[in-house]
Amino acid sequence: MDHVFGKIFKDGRFDLPQICEEKNFEGKLKDLYDSYIELLMENKFSEVGEIDNSCKDIIEAVEYYHNGFPHKAFEKIKDIMEKLIEKPLNIYAKTLWYEDFWREEDSLKLYRMRSVDEVKEYEIEDIFHIPYNLRAKISSNRYSISGYPSLYLSTSLELCKQELKKNEKIIVSQFSIKKTQPTFNVKVLELALKPKDFFKTNKSGRFFHDLNISAVKEKYFFWYPIILACSFERKNKNDPFSSEYIVPQLIMQWLRVYYETKKTLMGIRYFSCASKEASELGFNYVFPASGKKAKNKEFCEILAKSFEFTKPELFEYNDEITIKNRKFIQMR
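Novice: Even after reading the chapter, I still don't get the environment of Ile329, so can you show me in this structure?
Specialist: Mapped onto the fold, Ile329 is located in strand S9 (residues 328-329). Linking Ile329 and Glu308, residues 21 residues apart in sequence, is a C-alpha distance of 5.2 Å.

Novice: What am I meant to see in helix H7 (residues 246-262) here?
Specialist: Since the α-helix advances by 3.6 residues per turn, residues separated by three or four positions end up pointing in the same direction. A rise of 1.5 Å per residue sets the reference length of H7, with its 17 residues, at 24 Å; its end C-alpha atoms lie 24 Å apart and thus fit the reference within 8%. Counting buried residues in H7 gives 12 out of 17 residues, a clear majority hidden from the surface. For H7, the complete set of buried residues consists of Ile246, Val247, Pro248, Gln249, Leu250, Ile251, Met252, Trp254, Leu255, Arg256, Tyr258 and Tyr259. Positioned one or two residues after H7, Lys263 has a phi angle of 55°, which is positive.

Novice: Explain the pattern of salt bridges to me, please; I cannot follow it from the model alone.
Specialist: Charged atoms that come close allow side chains of opposite charge to pair. Under the counting rule described, the total for this entry stands at 16 salt bridges. Here Lys297 and Glu125 are joined by a salt bridge, their closest N and O atoms 3.0 Å apart. Taken together, the residues span a long stretch of sequence, with Lys297 in the loop between strand S6 (284-288) and helix H8 (301-306) and Glu125 in the loop between strand S1 (110-116) and strand S2 (150-154) at a distance of 172 residues. Taking relative accessible area as the criterion, Lys297 reaches 22% and is therefore assigned partly exposed.

Novice: I tried to follow unusual backbone geometry on my own but got confused; where do I start?
Specialist: Backbone geometry follows two general trends: most residues other than glycine have a negative phi, and most peptide bonds adopt the trans configuration. With an omega of 0°, the peptide bond running from Leu16 to Pro17 counts as cis. Structurally, Pro17 can be placed in the loop between helix H1 (2-9) and helix H2 (25-42). In this model, Lys44 sits at a positive phi of 55°, which is unusual for a non-glycine residue. Looking at the element boundaries, Lys44 is found in the loop between H2 and helix H3 (48-66). One non-glycine residue, Asn296, adopts positive backbone phi at about 60°. Within the secondary structure, Asn296 is located in the loop between S6 and H8. For Asn296, a relative accessible area of 74% translates into the label exposed.

Novice: Before we go on, may I ask you to explain the side chain of Asn43 in this structure?
Specialist: Following the sequence through the fold, Asn43 ends up in the loop between H2 and H3. When sequence neighbours within four positions are dropped, the list of residues in contact with Asn43 reads Val4, Lys7 and Ile8.

Novice: How do you make sense of the side chain of Ser150 when you look at a structure like this?
Specialist: When you line up the elements, Ser150 lands in strand S2. Judged by relative accessible area, Ser150 falls into the buried class, the value being 9%. Excluding residues within four positions of it along the chain, Ser150 makes contact with His129, Tyr143, Ser144, Met252, Val286, Phe287, Pro288 and Ala289.

Novice: Honestly, the packing of H2 against H3 in this entry has me stumped. Any pointers?
Specialist: A packed helix pair is summarised by two numbers, namely the angle formed by the two axes and the spacing between the axes. The geometry of H2 relative to H3 is characterised by a closest axis approach of 10 Å and an angle of 175° between their N-to-C directions. Between H2 and H3, the crossing angle belongs to the class labelled roughly antiparallel. Note on element contacts: H3 touches H2 through Val48, Ile51, Asp52, Cys55, Ile58, Ile59, Val62, Glu63 and His66, opposite Phe25, Glu26, Leu29, Lys30, Tyr33, Tyr36, Ile37, Leu40 and Met41. Considering only residue class, the contact of H2 with H3 consists of 13 nonpolar, one polar and four charged.

Novice: Would you mind showing me how to read H3 here?
Specialist: Helix length check: H3, at 19 residues, gives a terminal C-alpha distance of 27 Å against a target of 27 Å (1.5 Å per residue), a fit within 8%. Among all positions in H3, only Val48, Ile51, Ser54, Cys55, Asp57, Ile58, Ile59, Ala61 and Val62 are buried. Residues of H3 that are buried in the fold lie against H2, helix H4 (70-84), helix H6 (214-229) and H7. Of the residues trailing H3, Gly68 is marked for its positive phi of about 90°.

Novice: Sorry, what's going on with the packing of aromatic side chains here?
Specialist: Any pair of aromatic rings gets described here by the distance separating the centres and the angle formed by the planes. Within this structure, the stated rule accounts for 28 aromatic pairs. Feature note: the residues Phe5, Phe9, Phe14, Tyr36, Phe45, Phe198, Phe199, Tyr220, Phe221, Phe222 and Tyr224 constitute an aromatic cluster, connected by ring pairs. Between the NZ or CZ atom of Lys87 and the centre of the ring of Phe222, over which it lies, the distance is 4.6 Å. In this structure, Lys161 is placed above the aromatic ring of Tyr317, and the distance from its NZ or CZ to the ring centre is 5.2 Å.

Definitions and cut-offs
Residues numbered from 1 in each chain as written. Predicted model: local features only at pLDDT ≥ 70, side-chain atom pairs only at ≥ 80, totals over all residues. Heavy atoms only, no water. Helix = DSSP H or I, 4+ residues; strand = E, 2+ residues; numbered from the N terminus. Expected span 1.5 Å × (residues − 1). Buried < 20%, exposed > 50% of the residue type's maximum accessible area, 1.4 Å probe, protein only. Salt bridge = Lys/Arg side-chain N within 4 Å of Asp/Glu carboxyl O. Contact = heavy atoms within 4.5 Å. Axes fitted to C-alpha atoms, helices over the stretch in contact; angles between N-to-C directions. Parallel < 35°, antiparallel > 145°, perpendicular 65-115°, else oblique. Nonpolar A, V, L, I, M, F, W, Y, C, P; charged D, E, K, R; others polar. Phe/Tyr/Trp six-rings, centres within 6.5 Å; stacked < 30°, edge-to-face > 60°. Lys NZ or Arg CZ within 6 Å of the ring centre and 35° of its normal.

Here you go:
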């Protein structure tokens, strides 16, 4: 297993994030899948057929979407995710699967940053997800669909900056997962694992499991095609539509269905694809709103109950940002 894993994933062709240089997204993805399957077959990987089917289904989903059949594209991704979910990647120390995401000793620090136009005092409602009644302002992003709110958080202030367009003024808050056990389930889907992470000598205690064990590597063979399809830098950042966003957005739709059937709100942990440099700065989390409203609020009830956060502080974009307000507040 170790020999096969190293032979395939030490190959620089499979590094993440990817970018389309000459070919379009669909063509580049297909070429990478073909190379991946060829290497699996050469090394006699026993379940190459299942992985090959996943690759073909992802390509077919992209083709359906490009041809104006988003519902058919969704069904393809739904089928893939329902199989993958049976062998989850519970890798990072702060992103568990079978255990509760909320842990009493959890010291995970998360941040949220947004651009603003005015110098004034901002309230916690100004830093949470875009309210349901302002959905017209929600544009298409990697893991969110136009018009549907999601809460984006990051483990790094510098990464937050990288994800924003440069603006004179920004507001920043630190978020904390509530330490009291909620009455509902919240889990996180792990899409933040790159091939080269397996070969780093210093993993800085980020990993819940030893990445060298065969069971983790075996699961990664199956997850790699979907992680790859979600991990392309956006080639044309000013265009209103991005093919690189097709698969991540379909996964987000699947997570919404998962919530409706399992009553479990699931977020996604992923590395930034703004650039290769940004991908090394930390991790992003995205949590879709549940559709349920908090009392007398236009915000998600479940997300509002799940997080505490500091009152937003105002900075200039080029300031050195230090969170001074350490008092955590829950939205009520």
